[in-house]
Amino acid sequence: MRPTSATGAERARGFSLVELMVVIAILGLAGAAVALTLPRGEPPLARALVVLSSHVAQARDEAVLSGRAVTLRLHADSLAFETRDDAGPRPLPGVRAGAWPDGVTASVERAGLAVRFDAIGVAEPVTGVLRHGRDARAFRIDIDGVVHAAGAP
């Protein structure tokens, strides 16, 4: 025997419009809470340290693979690769460096800071500072080309 209503019609199964609207509102609030807790992207100094690390690794790899000294020059607003031959220093062919991320500048311990890797991938350690507005991160490049950063991002 089937249950019927007082009018004799069968009750429809499913959710009412009000129930669906309540669920959608709850999901919207939960989504907004999650979106507000997500990080706001990588800070410029963190991106600059990643750029520096990858360029240092590229310079070291190029030196070892080519069997010649390769220099990575750090300028206040950019990085550049170079090698030396009988004519003196010249840009490294086929390797492109570039600018620091937006608003980041490099302050180095001496003018024209260069990380020079010899043919076996060894460099003299160097230190410097990356700046973005009032924020600053000190860095050190070790003899083996590992970049270490000090301070919180």
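Residues numbered from 1 in each chain as written. Predicted model: local features only at pLDDT ≥ 70, side-chain atom pairs only at ≥ 80, totals over all residues. Heavy atoms only, no water.

Draft legend 1. Expanded view of the pattern of salt bridges. Scanning the entire structure with this criterion turns up 3 salt bridges. Of the charged contacts in the structure, one is a salt bridge between Glu82 and Arg73, with a shortest N-O distance of 3.0 Å. Accessibility expressed as a relative area gives 24% for Arg73, which makes it partly exposed. With a closest N to O distance of 2.8 Å, Asp142 and Arg140 form a salt bridge. We classify Arg140 as partly exposed; its relative accessible area is 38%. (Salt bridge = Lys/Arg side-chain N within 4 Å of Asp/Glu carboxyl O. Buried < 20%, exposed > 50% of the residue type's maximum accessible area, 1.4 Å probe, protein only.)

Draft legend 2. Representation of the pairing of strand E8 (residues 147–150) in the model. Pairing between strand E7 (residues 135–141) and E8: 4 bridges, direction antiparallel. Paired with Ile141 across the strands is Val147, a residue of E8. Where E7 hands over to E8, the hairpin turn is made up of 5 residues, of which Gly145 adopts a positive phi near 90°. (Pairing = 2+ DSSP bridges. Helix = DSSP H or I, 4+ residues; strand = E, 2+ residues; numbered from the N terminus.)

Draft legend 3. Structural context of the sheet that holds strand E1 (residues 70–74). With antiparallel pairing, 4 strands are arranged side by side in an open sheet as E3-E2-E1-E5. What marks the edges here is a single partner per strand, and that holds for strand E3 (88–91) and strand E5 (114–117). The mean inter-strand angle of the sheet, taken between neighbouring strand axes irrespective of direction, is 30°. Bridging between E1 and strand E2 (residues 79–85) involves 5 bridges; their strand directions are antiparallel. When the sheet's bridge partners are listed, Arg73 is paired in E2 with Ala80. (Axes fitted to C-alpha atoms, helices over the stretch in contact; angles between N-to-C directions.)

Draft legend 4. Inspection of the nonpolar core at higher detail. Judged by nonpolar contacts, the single largest core of 26 residues is most densely connected at Leu52, Leu74, Trp100 and Leu130. Breaking this core down by element, the ones donating at least two residues are helix H2 (44–66), E1, E2, strand E4 (104–108), E5, strand E6 (126–132) and E7. When residues in this core are grouped by element, the largest group, 7 residues, is from H2. For Trp100, the residues in contact, after removing those within four places along its chain, are Ala48, Leu52, Leu74, His75, Ala76, Asp77, Ser78, Leu79, Ala106 and Leu130. (Core = buried A, V, L, I, M, F, W, Y, C linked by side-chain atoms within 4.5 Å. Contact = heavy atoms within 4.5 Å.)

Draft legend 5. Inspection of the side chain of Glu82 at higher detail. Along the chain, Glu82 falls in strand E2. Separated by 3.0 Å, the side chains of Glu82 and Arg73 make a polar contact. Setting aside residues no more than four positions away along its own chain, Glu82 makes contact with Val70, Thr71, Arg73, Pro89, Arg90, Pro91 and Leu92. (Polar contact = N/O pair within 3.5 Å; in protein donor to acceptor, adjacent residues only side chain to side chain.)

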